[in-house]
Amino acid sequence: MYLGDEFPNFTANTTAGKIDFHDWIGQSWAILFSHPSDFTPVCTTELARVVKLMPEFKKRNVKVIGISCDSLTSHFLWCRDIRSYAGCTLDESFPYPIIEDEDRIIAKTLNMLDKDEMDSKGMPLSARAVFIIDPQKKYRLSILYPATTGRNFDEILRVIDSLQLTDKHRVATPVDWKMGDDCMVLPAVSDEELKKSFPQVKVVQVPSGKQYLRKTPCPKM
């Protein structure tokens, strides 16, 4: 896949029932993130972190779905551990679905296997993939971690903020940007348009003399 391609559709059994992935996304943004196996320590910390961050994802109109190469029976039991680690009571419903992928068909289709990490049967584990898909079902961003390295979900929220902001305004977000920080005006914006659309722009002077570093206050979403 290339960025901007339509994300592959699939049907799958999940802890929330059978889904058609595109139908499940609906008019929301979506995050699909994979896990090597159920009842593994790093995965449990990640899924618990996502449980705690659900209000932040909902605020951004983002649906979250996990996938692990184990059965639904295993997933349901694992969800109890995840809720406990997240500090939730066991009678609370699990706030997002986890896909069953025992045969690794989805993991293979999306190239999410880590050939250097094997399970007890000698099968490649799923890498820690993150895919972000927009409401038009376009593949917008991916981050691929090896199975041994846990993800940073603060970074995932940050890039969602950037994607949603830059879809709406003709800006780019610079290094280490966070919502509210200054943005960079896109090079395609002409000087004439600059005066009208970005009245508070500040041009950073550099030795080349080229006036391409054009900072502007973060636009409102």
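Residues numbered from 1 in each chain as written. Predicted model: local features only at pLDDT ≥ 70, side-chain atom pairs only at ≥ 80, totals over all residues. Heavy atoms only, no water.

Moving on, we get to the nonpolar core. The biggest cluster of nonpolar side chains holds 29 residues, and the ones touching the most others in it are Ile31, Phe33, Val50, Phe57, Tyr96 and Ile132. Put simply, the parts of the chain that give this core at least two residues each are β3 (29-35), α2 (41-59), β4 (62-68), α3 (72-85), β8 (128-133) and α5 (153-168). What Phe33 contacts, discounting residues up to four positions off in sequence, is Leu47, Val50, Val64, Ile65, Gly66, Ile67, Tyr96, Ala129, Val130, Arg151 and Phe153. Phe7, Phe10, Phe21 and Ala107 belong to the second-largest nonpolar core, a separate cluster that totals 21 residues. (Core = buried A, V, L, I, M, F, W, Y, C linked by side-chain atoms within 4.5 Å. Buried < 20%, exposed > 50% of the residue type's maximum accessible area, 1.4 Å probe, protein only. Helix = DSSP H or I, 4+ residues; strand = E, 2+ residues; numbered from the N terminus. Contact = heavy atoms within 4.5 Å.)

It is worth spelling out the sheet that holds strand β12 (residues 202-203) at this point. Strand order in this open sheet of four strands is β10-β11-β13-β12, and the pairing throughout is antiparallel. A single partner strand is all that each edge strand has here, and the edge strands are β10 (171-172) and β12. Note: β12 against strand β13 (residues 214-216), two bridges, orientation antiparallel. Among the inter-strand pairings, Val203 is bridged to a residue of β13, identified as Arg214. (Pairing = 2+ DSSP bridges.)

Below, the discussion takes up the packing of aromatic side chains. Evaluated as defined, the whole model comprises 10 aromatic pairs. With a centroid separation of 5.8 Å and 55 degrees between ring planes, the pair formed by Phe7 and Phe21 is classed as tilted. On the criterion of sequence distance, the pair formed by Phe7 in the segment before β1 (11-14) and Phe21 in helix α1 (residues 21-25) is long-range, its members being 14 residues apart. The residues Phe7 and Phe21 share a single accessibility class, namely buried. When the centroid spacing of 4.8 Å and the interplanar angle of 55 degrees are considered together, the rings of Phe94 and Tyr96 count as tilted. Every member of this aromatic cluster is reached through a ring pair, and the members are Phe7, Phe10, Phe21, Trp24, Phe131 and Tyr139. Positioned over the ring face of Trp24 is Lys63, at 5.5 Å from the centre of the ring. (Phe/Tyr/Trp six-rings, centres within 6.5 Å; stacked < 30°, edge-to-face > 60°. Lys NZ or Arg CZ within 6 Å of the ring centre and 35° of its normal.)

We now examine the pairing of β3. Burial analysis of β3 places seven of its seven residues in the buried class, which makes it a mostly covered element. Because side chains alternate across β3, one face comprises the buried residues Trp29, Ile31, Phe33 and His35, and the other comprises Ala30, Leu32 and Ser34, equally buried. Where β3 lies against β4, seven bridges are found, and the strand directions are parallel. The partner of His35 across the bridge, within β4, is Ser68.

Take the pairing of β4 next. Burial runs high along β4: six of the seven residues are buried. This β-α-β element, β3 to α2 to β4, shows right-handed connectivity. With respect to chirality, the unit in which β4 leads through α3 into the neighbouring parallel strand β5 (residues 98-100) is right-handed. (Right-handed = clockwise from strand over helix to strand, strands pointing away.)

Once that is clear, we can look at the environment of Val42. As for its position among the elements, Val42 is in helix α2. Owing to a relative accessible area of 28%, Val42 belongs among the partly exposed residues under this scheme. For the pair Val42 and Thr149, spaced 107 residues apart in sequence, the C-alpha to C-alpha distance is 7.8 Å. Ignoring anything within four residues of it in the chain, the contact list for Val42 reads Arg128 and Gly150.

Turning to α3, a few remarks are in order. Taking 1.5 Å of rise per residue, the 14 residues of α3 would be expected to cover 20 Å, and the 20 Å separating its terminal C-alpha atoms lies within 8% of that figure. Taken together, the buried positions of α3 are Leu72, Ser74, His75, Trp78, Cys79, Ile82 and Arg83. Taken from the residues just after α3, Gly87 is the one with a positive phi, measuring 85 degrees. (Expected span 1.5 Å × (residues − 1).)

With that settled, consider the packing of α2 against α5. Relative to each other, α2 and α5 sit at 30 degrees, their axes nearing to 10 Å. The angle between α2 and α5 places the two elements in the roughly parallel class. As α2 packs across α5, the resulting crossing turns out to be right-handed. Contact with α2, carried on its side by Glu46, Arg49, Val50, Leu53, Glu56 and Phe57, involves Phe153, Asp154, Leu157 and Ile160 of α5 and no other residues of that element. (Axes fitted to C-alpha atoms, helices over the stretch in contact; angles between N-to-C directions. Parallel < 35°, antiparallel > 145°, perpendicular 65-115°, else oblique. Left-handed = near helix turned anticlockwise from the far one by under 90°.)

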